[in-house]
Amino acid sequence: MYVRSLKINRFRNMEESHLGPFSAPDSFAETIVLAGPNGSGKSSFLDLIAHVLSSIRGLSYPSFRQGFDFNGEIELTFTPGELAVLRKETSISVPPAMLSDYFADNDSLVIEYDHGPKSQSYQVAKAAHNALKSYYGRPFGIFFRADRHYPSQPFNPNMIFSYRETRQALYAEQFAFNFSDTQFNDLFNHIAQLGYHYNADLGLYYKRKERGELEVNATPPVNPVSQYSDLLGRVLPGYSIWDSEEGVPTDLHIVLPSGEVIPFSNLSSGEKEVFFILASFLRYGIRDSLVIIDEPELHLHPELARVLVRELKRVAPGSQIWMATHNAEIIDEAGRDRVYYTSRNNVGNSVKIAAASDEEGWSTQLRTLFGEAGYVGVGRTLLFSEGLAASVDRRTFTTLFPDLSHALKIVPSGGVDTHLRLNSAVLSLLESNVGWLRFYLVRDRDFLTAEMAARYREKGKGRIHVLGRCQIENYLLDFEAIAKVMRDIYGREGNARFWRNKLHAIASRISGEVTASLVAYRFNLLAAPQDYSLPRLFVGRSIMSGEGAVNSSLRDTLVAHAVQKAEEVTGNLTRLTSRTDAYPLISQWMDEVVDALNDPGDAWIGLFPGKDLIKHFVKDENLGPVVAFENNMLRMIASMNRVSEELKNLVAKVTAGEFLEAN
């Protein structure tokens, strides 16, 4: 279950505000970040979602802020797996027909509110939640409030006797939208006693084994502390949870990298913060859920804030994670295309929302929020790519390589013309000492010949990479991943070969326009710019005669050389464009297109523009927005570990600061 869209007609001091639509999460968590100054409404959005979700679950939602006089609507959508559950009979307290009838033709619910829920879809939402909770045995959402604090406390030994009850996943439902100290107390008491009960279970296992009551292949119980200790070590390297052998636990103890053992309460606020949030996902089995975190950066050092976001994507697979923040690291780590900037309009109570795809809107809001220094946000290594901030170029690198953001910043630099002008400036920096900054550039191959691409690399001094395929979109043309996306996301059957043939037919259909574009592109590069330079002419000589006028002899010589050079350039262009010389050249290029289409290795995948192939494919199959298909492909390629070796090698070299090979 996730939020597809949220529309506010009136809520607190907000009017006429809208968020969405949002795409479905997949094997990774999908983050939605609301960023803006205080009073811009970002926390109110989270409050509202939490209020709606808690009421669907039949829970009370305590809020320090007054006012749930909400007029608007919230659209909830269900994943394919959830829909499979809802479309068949389930053992719930309402007639199963309410669900099966509704979801036979729908995958979402639009719940309308005017002070309270108005439509029958609210009752369907409650029934759907109960059905899913019963089937999956876990809560489907949790809210971490901005008032988080972690009181020092010893372990309550009486909790030992309620362990069997509290270890049940659905026990956590009561804490999903509660106060932070209540959530923390439950988590603390749960982890503190895990070792005690593990030792008891282990002893029982060997006792039963001695009595011959177990199967021969029975395995001993797994230490449940390990997953929490491993998580702690990932976010705080060298830290672990102490394997206590106390008769009755007295506290939750942590082992520091030095080997010293301390109570959990002695950790810093930031260390407690990041562990509390992430460990809660393990405690309650959170996945495919709605997660809401207000100010996730509380108490955190900038790098630890980045670690938190990276780990959230791992420990909450399939979840939609909403965050409200002022923090530049959170925004950068989440990815600019997942960020919405909020601010107050000067007139009325409406909130201005600028999505990352709104190039002018987000840049203005970002400067307002962080100032020029925060806006620049320079990383240790800059990789200039083609496209705009929300382009597929940047999304490809940030989605396929989610862990690179701490070491590498992707800087979209517009189209290839802007990119080439930028190259000159950056290449001059490469030869100077600029401290710890490193610069790299990656550009589409477009229709460059091998010789043309080689010239770009020679100029790059090991810092320019020309893609081996026409465009970055070509790396999305993985037929195994396409087959899985079409089946899992769009409900279309067909194996990899089937979808390959579909795309090959599109390539054949558009081969005429592709060939014309290829010829025009290469002719433009061959014909311009032309070199009219006159090297070593008149070196060390004055242009003036002894009388102070122009030296007529030099004038005549210069005119002669310039005209001769112009005639040479004109002659070259004439020969290039003559039928005699152009015919074999164009024939060669046309044969290249045909050979690619007939190549058993599918060379057309790299030669034809991937952007056009995907556009036609999405239109032919009626798949909706192109960007949604691209995002689904990126996530699927990442989850299936089918990332191009070329891109892997490029990112590895760039993040290591190495010079690029002449690819």
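Above this text sits the structure in question.
Here's a quick rundown of the structure. Given the structure is predicted, the values throughout are model-derived calculations rather than measurements. (Residues numbered from 1 in each chain as written. Predicted model: local features only at pLDDT ≥ 70, side-chain atom pairs only at ≥ 80, totals over all residues. Heavy atoms only, no water.)

**Brief notes about the packing of aromatic side chains**
To keep it simple, the criterion reads: In this analysis, rings of Phe, Tyr and Trp, with Trp reduced to its six-membered ring, are considered paired at centre separations within 6.5 Å, and the interplanar angle assigns stacked below 30 degrees, edge-to-face beyond 60, and tilted for intermediate values. Strands are runs of DSSP state E lasting at least two residues, helices are runs of H or I lasting at least four, and both sets are numbered from the N terminus onward. When accessible area is computed with a 1.4 Å probe and restricted to protein chains, residues below 20% of their type maximum are described as buried, those above 50% as exposed, and intermediate ones as partly exposed. Note on geometry: a ring has a charge over it if NZ (lysine) or CZ (arginine) is within 6 Å of the ring centre and within 35 degrees of the ring normal.
Per the stated rule, a full pass over the model turns up 20 aromatic pairs. Summarising the aromatic geometry, the rings of Phe22 and Trp322 are spaced 5.2 Å apart at their centres and angled 80° between planes, so their arrangement reads as edge-to-face. With a gap of 300 residues between them, Phe22 in the loop between β2 (14-19) and β3 (30-35) and Trp322 in strand β12 (residues 320-325) connect regions that are remote in the sequence. A relative accessible area of 0% places Trp322 in the buried class. Following the ring pairs from residue to residue traces out a cluster consisting of Phe144, Tyr150, Phe184, Phe188, Phe264, Phe275, Phe276 and Phe281. In this structure, Arg463 packs its charged tip against the face of Tyr440, placed 4.9 Å from the ring centre.

**Some details on unusual backbone geometry**
One non-glycine residue, His299, lies in the positive phi region at around 70°. Topologically, His299 is positioned in the loop between β11 (290-294) and α10 (302-315). Under the relative-accessibility criterion, His299 is labelled partly exposed at 43%.

**Structural notes on the pattern of salt bridges**
What counts, and what does not: The salt bridge criterion pairs a side-chain nitrogen of Lys or Arg with a carboxyl oxygen of Asp or Glu, the two atoms within 4 Å.
Within this structure, the stated rule accounts for 21 salt bridges. The partner of Asp620 in a salt bridge is Arg509, with the nearest N and O atoms 3.1 Å apart. A residue pair is termed long-range when its members are at least 10 positions apart, and Asp620 in helix α22 (residues 610-621) and Arg509 in helix α17 (residues 496-509) qualify at 111 residues. Between Lys648 and Glu645 there is a salt bridge, and its shortest N-O distance comes to 3.5 Å. Taken together, the positions of Lys648 and Glu645, both in helix α24 (residues 645-656) and three residues apart, correspond to about one turn of that helix. Each member of the salt-bridge network shares a partner with another, and the members are Arg4, Glu75 and Asp107.

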